[in-house]
Amino acid sequence: DRHGVSVKGAIVIARYGGSWRGIKPKVAAEHGAIGCLIYSDPRDDGYNEGDVFPKGPYRPPDGVQRGSVADMPLYPGDPLTPGVGATENAQRLAVKDAPTITKIPVLPISYADAQPLLAAMTGPMAPQIWRGALPVPYHLGPGATKVHLKVKSNWDMKPVNDVIAKIPGTREPDAWIIRGNHHDGWVNGAQDPISGLVDELEEARALGELVKQGWKPSRTIIYCAWDGEEPGLLGSTEWAETHADELRQHAVIYFNSDTNSRGFLNAEGSHSLEPFINEVARSITDPETKISVAKRLQARRIANARTTAEKERARSQQNFEIGALGSGSDYTAFLDFLGISNAALAYGGEAGGGIYHSIYDDFYWYTHFDDPDFAYGRTEAQTMGTAVMRIADADLLPFDFNAMTATVRRYEGELETLAQTEHDEIRELNREIDDKTLTVAADSRETFIPPKREEEPPYLNFAPLRNALDVLTRASEHYNRAHRTAVEDAGFASMQSSALSPINKQLYMCERSLLSDAGLPGRKWFKHQLYAPGFYTGYGVKTIPAVREAIEQKQWKLADEQIGVVAGVLEKYAAAVDAAAAALESAAH
């Protein structure tokens, strides 16, 4: 659009990467396109990266990446039953009224099929970052080539089959530890999702052996294998929506995995769990280096540091930061809709990619290029199994609210920087327009129609957010003191479970306080105020999304309103943490 190229009435071709695939036809349709083709460029996962299959792990010329293009940043799950479980008698929208079903036809194609279409394009050259590795000039269009795009869709109703297994708890049976991975895949699905599912099955087998030997967890453990994840997180979302009331009362945490391969631990989740995840990582041995997976992560941070200061910081930091969760896997309903603390743990980063969501994702590819001896599958089972058992049997649940507070304070600082950057850029743009206008006005020989000046944004008032963070800091420090005193108290170890159980419930209910019943602006299904997938990124997370996206879209009034909403949520969260601290102090004495 900025280059003067209209897609109205056209079929567009878009390259995979950048935003999630479903965003591409969404934006195309918003600008008047009537169809969309999405192709994988060899610059990203083909010969530009290395040898292609079968010689190497990367996507061959005819490889096609399948995938959902539903508008899942609005809501995941069954498009016809937003917010409620898709049970047999559920009230359903008509297909034509479902907002998440893509409004224009879309098909994925290979880079072999994309090449002649791209070669026929004319118009301006694409920006450098948009160009791929095919031996053709990358033009923006239009082109003379006509494409006949035909999509056949089956709108039959079909069941999805979740598999749920439970080990009842003894001391706190109504507190649930939930562990999940999906079992459906595009075509063969060796890496996605079976590499994660077999690890989960190994954890379940090991726990089953312990049960046979007499072990019983203190809290109930629920193992889940989800169906229908690939079309739109169907199985997990509909199960969570169907059992929403029970889950709000009983779910302590949801542990998620998806794909797994050779490499480094990738940890994302609720930041009150950051120190706990670090403890787990320090107790797991990396199969290649024989040091802990936490130490290996630290070594990578040191190696990748760009400055001496970064290198020294990486050496001195004992804990690694976990990432925030966006969407794209089965944790979404548990975190964003129900406010259940989450942890997503998996290994990867050293195997060659390139067969994602294609027919080449099979046992041969996985055992030749990804994790040939299943060493990291075993490590994933150890990691998740250890985390599940520690949460299930902990006397006091290991939430750390100082970690959450520090993370949110960092997010708030990012928002202030973003707002200032937007303000400065608009002022600079307007200054350039004014200078050009004055220059041309002095030369009557040149005709010039000045671009429209942008309205300069107001300075946003971040004081409510800063004040709420101060309240949360005091509450977090209060809980930290109470926890330290209780653990050091000689009588704490013998404290009756009847005294600890209500405190534990207060602790895991804290995450619920980060929800807003109204949801995010324009998408009420997403209720969590700290984490959400971006409306125009899809998978990628937006932290404090209501404020961040309002600033990015230059909706200044909305941004100011949402600062107040988020501040209120943080104060509610602080009150919940304070109450847990007071209860712990009372029980310890």
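Below is a short write-up of the structure. (Residues numbered from 1 in each chain as written. Predicted model: local features only at pLDDT ≥ 70, side-chain atom pairs only at ≥ 80, totals over all residues. Heavy atoms only, no water.)

**Some thoughts on the overall build of the protein chain**
To be explicit about the condition: Secondary structure is summarised from DSSP: a helix means a run of H or I of at least four residues, a strand means a run of E of at least two, and numbering begins at the N terminus for each. With C-alpha atoms as the basis for the radius of gyration, the globule rule is written as 2.2 Å multiplied by the number of residues raised to the power 0.38. Burial classes: relative accessible area under 20% of the type maximum marks a residue as buried, over 50% as exposed, and values in between as partly exposed (1.4 Å probe, protein chains only). Any two residues whose heavy atoms approach within 4.5 Å are treated as being in contact. Using the Shrake-Rupley algorithm and a 1.4 Å probe, accessible areas are obtained, with residue cover drawn only from the displayed protein chains. For the purpose of counting charges, residues Lys and Arg are taken to be positive, whereas Asp and Glu are taken to be negative. His and the chain ends are not included. Lysine's charge is taken at NZ, arginine's at CZ, aspartate's at CG and glutamate's at CD.
Looking only at helices and strands, one finds 18 helices and 11 strands in the protein chain. For 589 residues, the compact-globule formula gives about 25 Å, and the C-alpha radius of gyration of the protein chain, at 26 Å, lands near that figure. Taken along the three principal axes of its C-alpha coordinates, the protein chain extends 90 × 60 × 60 Å. Within the protein chain, the proportion of its 589 residues that are buried is 50%. A sequence separation of at least 24 residues applies to 77% of the contacts in the protein chain between residues at least 6 apart. For the protein chain, the exposed surface amounts to about 27,100 Å²; the carbon and sulfur share of it is 53%. The average position of the 61 basic charges and that of the 80 acidic charges among the side chains of the protein chain differ by 2 Å.

**Concerning the packing of helix α17 (residues 545-552) against helix α18 (residues 556-588)**
Counted only if it meets this: Here the axes come from fitting lines to C-alpha atoms, over the contacting stretch only for helices, and the angles between their N-to-C directions go from 0 to 180 degrees. Comment on the angle field: the value is read as roughly parallel under 35 degrees, roughly antiparallel over 145, roughly perpendicular from 65 to 115, and oblique elsewhere. Helix crossings fall into two classes, left-handed where the near helix is turned counterclockwise from the far one by less than a right angle and right-handed where it is turned clockwise.
Contact pair α17 / α18: the axes reach a minimum separation of 8 Å and the direction vectors enclose 165°. Here α18 runs roughly antiparallel to α17, going by the angle between their axes. At the point where α17 passes α18, the crossing takes the left-handed sense. Listed contacts from α18 to Ala546, Val547, Ala550 and Ile551 of α17 are Trp556, Leu558, Ala559, Gln562, Ile563 and Val566.

**Description of the layout of surface pockets**
Selection rule: Buried and open spaces are told apart on a 1 Å grid over the protein atoms alone, a cavity being a set of points where a 1.4 Å probe fits but cannot get out and a pocket being an open set with protein on both sides within 12 Å along at least five of seven lines. Residues with an atom within 4 Å of a point are the lining residues. Grid points are joined across faces, edges and corners, and a volume is the space filled by probe spheres set on the points. Put simply, Ala, Val, Leu, Ile, Met, Phe, Trp, Tyr, Cys and Pro go in the nonpolar bin, Asp, Glu, Lys and Arg in the charged bin, and everything else, Gly too, in the polar bin.
Reported here for the largest pocket is a volume of approximately 2,000 Å³. Around the largest pocket, the lining comprises 43 residues; the ones closest to its centre are Val7, Ile13, Ala14, Trp130 and Leu140. Going through the elements one at a time, β1 (11-15), α1 (23-30), β2 (35-39) and α3 (111-119) are the ones with two or more residues in the lining of the largest pocket. Top element by residues in the lining of the largest pocket is β1. It accounts for five residues. For the lining of the largest pocket, a count of residues per class yields 26 nonpolar, 12 polar and five charged. One number sums up the size of the second largest pocket: a volume of about 1,600 Å³. Together, 48 residues line the second largest pocket, and Pro79, Asn154, Trp155, Pro231 and Leu234 are the ones closest to its centre. Counting only elements with at least two residues in the lining of the second largest pocket, the list comes to β3 (106-109), α5 (229-232) and α6 (234-242). A total of five residues in the lining of the second largest pocket trace back to one element, the largest contributor, which is α6. Along the lines of polarity and charge, the residues of the lining of the second largest pocket split into 26 nonpolar, 12 polar and 10 charged.

**Considering the packing of aromatic side chains**
Which entries qualify depends on this criterion: Here is the rule: rings of Phe, Tyr and Trp (six-membered ring for Trp) pair when centre to centre is within 6.5 Å. Planes less than 30 degrees apart are stacked, more than 60 are edge-to-face, and the remainder are tilted.
Taken as a whole and judged by the stated rule, the model has 19 aromatic pairs. Summarising the aromatic geometry, the rings of Phe53 and Tyr364 are spaced 6.0 Å apart at their centres and angled 85° between planes, so their arrangement reads as edge-to-face. You can see Phe53 sitting in the loop between α2 (42-45) and β3 and its partner Tyr364 sitting in helix α12 (residues 363-370), a full 311 residues away along the chain. Relative accessible area serves as the criterion here: at 16%, Phe53 is assigned to the buried category. With centroids separated by 6.4 Å and ring planes inclined at 45°, the aromatic side chains of Trp239 and Phe334 adopt a geometry described as tilted. Here the residue Trp239 occupies a position in helix α6, and Phe334 occupies one in helix α11 (residues 332-337), the gap between them amounting to 95 residues.

**Quick notes on the sheet that holds β1**
What counts, and what does not: DSSP calls a pair of strands paired once it identifies at least 2 bridges connecting them.
Across the sheet, which stays open at both edges, the three strands sit in the order β1-β2-β3 with parallel pairing between neighbours. Each end of this open sheet is capped by a strand with a single partner; those strands are β1 and β3. For this sheet, the mean angle separating the axes of adjacent strands, direction not counted, is 25°. By the bridge criterion, five bridges tie β1 to β2 in an arrangement that is parallel. The residue bridging Ala14 from the neighbouring strand is Ile38, located in β2.

**Quick notes on the pairing of β2**
The element β2 is extensively covered by neighbouring structure, given that five of its five residues are classed as buried. Side chains Gly35, Leu37 and Tyr39 of β2 all project onto a buried face; the interleaved residues Cys36 and Ile38 project onto the opposite face, where all are buried too. In terms of strand pairing, β2 meets β3 through four bridges, oriented parallel. Its bridge partner lying in β3, Ile38 is registered against Pro108.

**Here's the deal with empty space enclosed by the protein**
Summed over all chains, the structure comprises two cavities of 30 Å³ or more. If you add up the space inside the largest cavity, you get close to 70 Å³. If you trace the largest cavity, you find it lined by Arg21, Gly67, Ser68, Met72, Trp186, Glu229, Glu230, Leu233, Gly328, His357 and Tyr539. Tallied by class, residues from the lining of the largest cavity come to four nonpolar, four polar and three charged. Size it by volume and the second largest cavity reaches roughly 30 Å³. As for the second largest cavity, its lining consists of Trp20, Met72, Pro73, Ser327, Gly328, Pro533, Gly538 and Tyr539. When the residues that make up the lining of the second largest cavity are grouped by side-chain class, the tally is five nonpolar, three polar and no charged.

**Topic: unusual backbone geometry**
With an omega of 5°, the peptide bond between Gly141 and Pro142 qualifies as cis. Mapped onto the elements, Pro142 comes out in the loop between α3 and β4 (163-167). In this model, Asp192 is joined to Pro193 through a cis peptide bond whose omega is 20°. Relative to the elements of secondary structure, Pro193 occurs in helix α4 (residues 190-212). The phi angle at Lys290 is positive, at roughly 65°, despite the residue not being glycine. Mapped onto the elements, Lys290 comes out in the loop between α8 (274-282) and α9 (293-304). Although it is not a glycine, Ile544 adopts a positive phi angle of roughly 45°. Among the secondary structure elements, Ile544 is positioned in the loop between β11 (541-543) and α17. The exposure class assigned to Ile544 is buried, which follows from its relative accessible area of 0%.

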